[in-house]
Amino acid sequence: MIRLIYMFFYLCGYLVYSLPGLSKAKKLYAENQAKNDAEIQIIPKKWAAGFLKNSGCKVKVSGLENIPEGPVLFVGNHEGDFDVPVLMAGIPKPFGFISKIEVKKIPIVAGWMEVMGCVFLDRSDRRAAIQSIRDGVKKLKVGHSVLIFPEGTRNRGKELGEFKAGSLRLAKDSKVPIVPFVIQGTADIFENNQNRIKPGTVQLEILPAISAEQYEELGMEQVAKEIKAAITDKRAQLLKGA
């Protein structure tokens, strides 16, 4: 509980500290988001690395060589809340999340997410959800990578939920590669520990990219199934080796 309280104050303190940086990031975003991606995300990535270090969470990353140049759609499993800092710190390529609309209500956090190129998705409003997908496609087309959790919710380290083929429309409409990733261990850091932070090791593995030619030939339904199967298999391997 003491560590959880400490991390809460660390988060709040860092957000206040980041305000001057956010002002600069907003200017860079307005000038050219895709071109200034790396500079905009310096502070968020530093926060993620610091958050993990102070929480006692160690991250083992492998497969970075599988990330191609240019914009991509990152697709992977969603264990818990710690997935976010793990991915921000572990993946060097700048990207924005497809996030639930509720996050937009959090002061300062919402501002950073906007300049990072995140897309807020309201699943209760079909028309708004479709527009969000279009916004994500626009970002990909101008060179900004996007990350989505096709399950739509945390699985807490249990069996993966359905990988919705519709979520891959972002890649199909923008013709960018899909880069699957596997996370193993974040739920044990927090959700499976009665929402208390328990130091541990998380594994993040980037799987081989799927080109536009490959997924157009297979069809998005089949691609969604194959991505889920590949992530499930790799996750089982990581668990055995843990």
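Scroll up to find the structure this text is about.
Residues numbered from 1 in each chain as written. Predicted model: local features only at pLDDT ≥ 70, side-chain atom pairs only at ≥ 80, totals over all residues. Heavy atoms only, no water.

Moving on, we come to the packing of helix H4 (residues 42–55) against helix H5 (residues 83–90). In contact at an axis separation of 8 Å, H4 and H5 are set at 120° when each is read in the N-to-C sense. The angle between the axes of H4 and H5 places the two elements in the oblique class. Both H4 and H5 take part in a crossing whose hand is left-handed. For the pair formed by H4 and H5, the contact residues are Pro44, Lys45, Trp47, Ala48, Ala49, Phe51 and Leu52 on the first element and Pro85, Val86, Met88 and Ala89 on the second. By residue class, the composition of the contact of H4 with H5 is ten nonpolar, no polar and one charged. (Axes fitted to C-alpha atoms, helices over the stretch in contact; angles between N-to-C directions. Helix = DSSP H or I, 4+ residues; strand = E, 2+ residues; numbered from the N terminus. Parallel < 35°, antiparallel > 145°, perpendicular 65-115°, else oblique. Left-handed = near helix turned anticlockwise from the far one by under 90°. Contact = heavy atoms within 4.5 Å. Nonpolar A, V, L, I, M, F, W, Y, C, P; charged D, E, K, R; others polar.)

This part covers H4. Look at H4: 20 Å from first C-alpha to last across 14 residues, which is about the 20 Å you get at 1.5 Å a residue. Among the residues of H4, those classed as buried are Pro44, Lys45, Trp47, Ala48, Gly50, Phe51, Leu52 and Ser55. Against helix H1 (2–17), helix H3 (37–40), strand S1 (57–62), H5, strand S3 (95–100) and helix H6 (109–115) lie the buried residues of H4. Immediately downstream of H4, the backbone of Gly56 shows phi near 80°, a positive value. (Expected span 1.5 Å × (residues − 1). Buried < 20%, exposed > 50% of the residue type's maximum accessible area, 1.4 Å probe, protein only.)

Turning next to the sheet that holds strand S5 (residues 145–148). With mixed pairing, the seven strands of this open sheet are ordered in space as S1-S7-S6-S2-S5-S3-S4. Looking along the sheet, the strands with just one partner apiece sit at the ends: S1 and strand S4 (119–121). For this sheet the average axis-to-axis angle between neighbouring strands, irrespective of direction, equals 25°. In the packing of helix H7 (residues 126–141) onto the sheet, contacts are made with strand S2 (73–76), S4 and S5, and the angle to S4 comes to roughly 160°. Along the sheet, helix H11 (residues 220–241) contacts S2, strand S6 (178–184) and strand S7 (200–206); its crossing angle with S6, the most-contacted strand, is approximately 30°. (Pairing = 2+ DSSP bridges.)

Tracing the backbone shows Met116 in the loop between H6 and S4. For the pair Met116 and Asn36, spaced 80 residues apart in the sequence, the C-alpha separation amounts to 9.9 Å. Sequence-distant contacts of Met116, defined by excluding residues within four places in its chain, comprise Gln33, Ile40, Gln41, Pro44, Met88, Phe95, Gly96 and His144.

Attention shifts here to the nonpolar core. Core analysis: the largest hydrophobic core is formed by 34 residues, its most contacted members being Phe74, Leu87, Ile91, Leu147 and Phe181. Sorting the residues of this core by element identifies H1, H4, H5, S3, S6 and S7 as the ones contributing at least two each. Among the elements that line this core, the one with the most residues is H4, at four residues. Dropping the residues within four chain positions of it, Phe181 is found in contact with Phe74, Val75, Gly76, Asn77, Leu87, Leu147, Phe149, Leu204, Glu205, Ile206 and Ile231. By size, the runner-up hydrophobic cluster in this structure holds 30 residues, among which are Leu121, Phe163, Ala171 and Ala224. (Core = buried A, V, L, I, M, F, W, Y, C linked by side-chain atoms within 4.5 Å.)

Let us now look at the pattern of salt bridges. Opposite charge on two side chains permits them to pair, given that their charged atoms come into close proximity. Applying the stated criterion to the full structure yields five salt bridges. Salt-bridge contacts for Asp173 lead to Arg169; the nearest nitrogen and oxygen are separated by 2.8 Å. Taken together, the positions of Asp173 and Arg169, both in helix H8 (residues 169–174) and four residues apart, correspond to about one turn of that helix. (Salt bridge = Lys/Arg side-chain N within 4 Å of Asp/Glu carboxyl O.)

With that out of the way, let us pick up the packing of H1 against H4. Their axes nearest at 10 Å, the elements H1 and H4 cross at an angle of 165°. Taken together, H1 and H4 sit at an angle that is classed as roughly antiparallel. Crossing hand, H1 versus H4: right-handed. Between H1 and H4, the contacting residues are Arg3, Tyr6, Met7, Tyr10, Leu11 and Tyr14 on the first element and Ile43, Lys46, Trp47, Gly50, Phe51, Asn54 and Ser55 on the second. Each residue belonging to the contact of H1 with H4 can be placed in one class, and the counts come to eight nonpolar, three polar and two charged.

Structurally, Ser145 can be placed in strand S5. A polar side-chain atom of Ser145 sits 3.0 Å from the main-chain amide nitrogen of Val72. Other than its neighbours up to four places away in sequence, Ser145 contacts Gly70, Pro71, Val72, Phe74, Lys93, Pro94, Phe95, Gly96 and Leu140. (Polar contact = N/O pair within 3.5 Å; in protein donor to acceptor, adjacent residues only side chain to side chain.)

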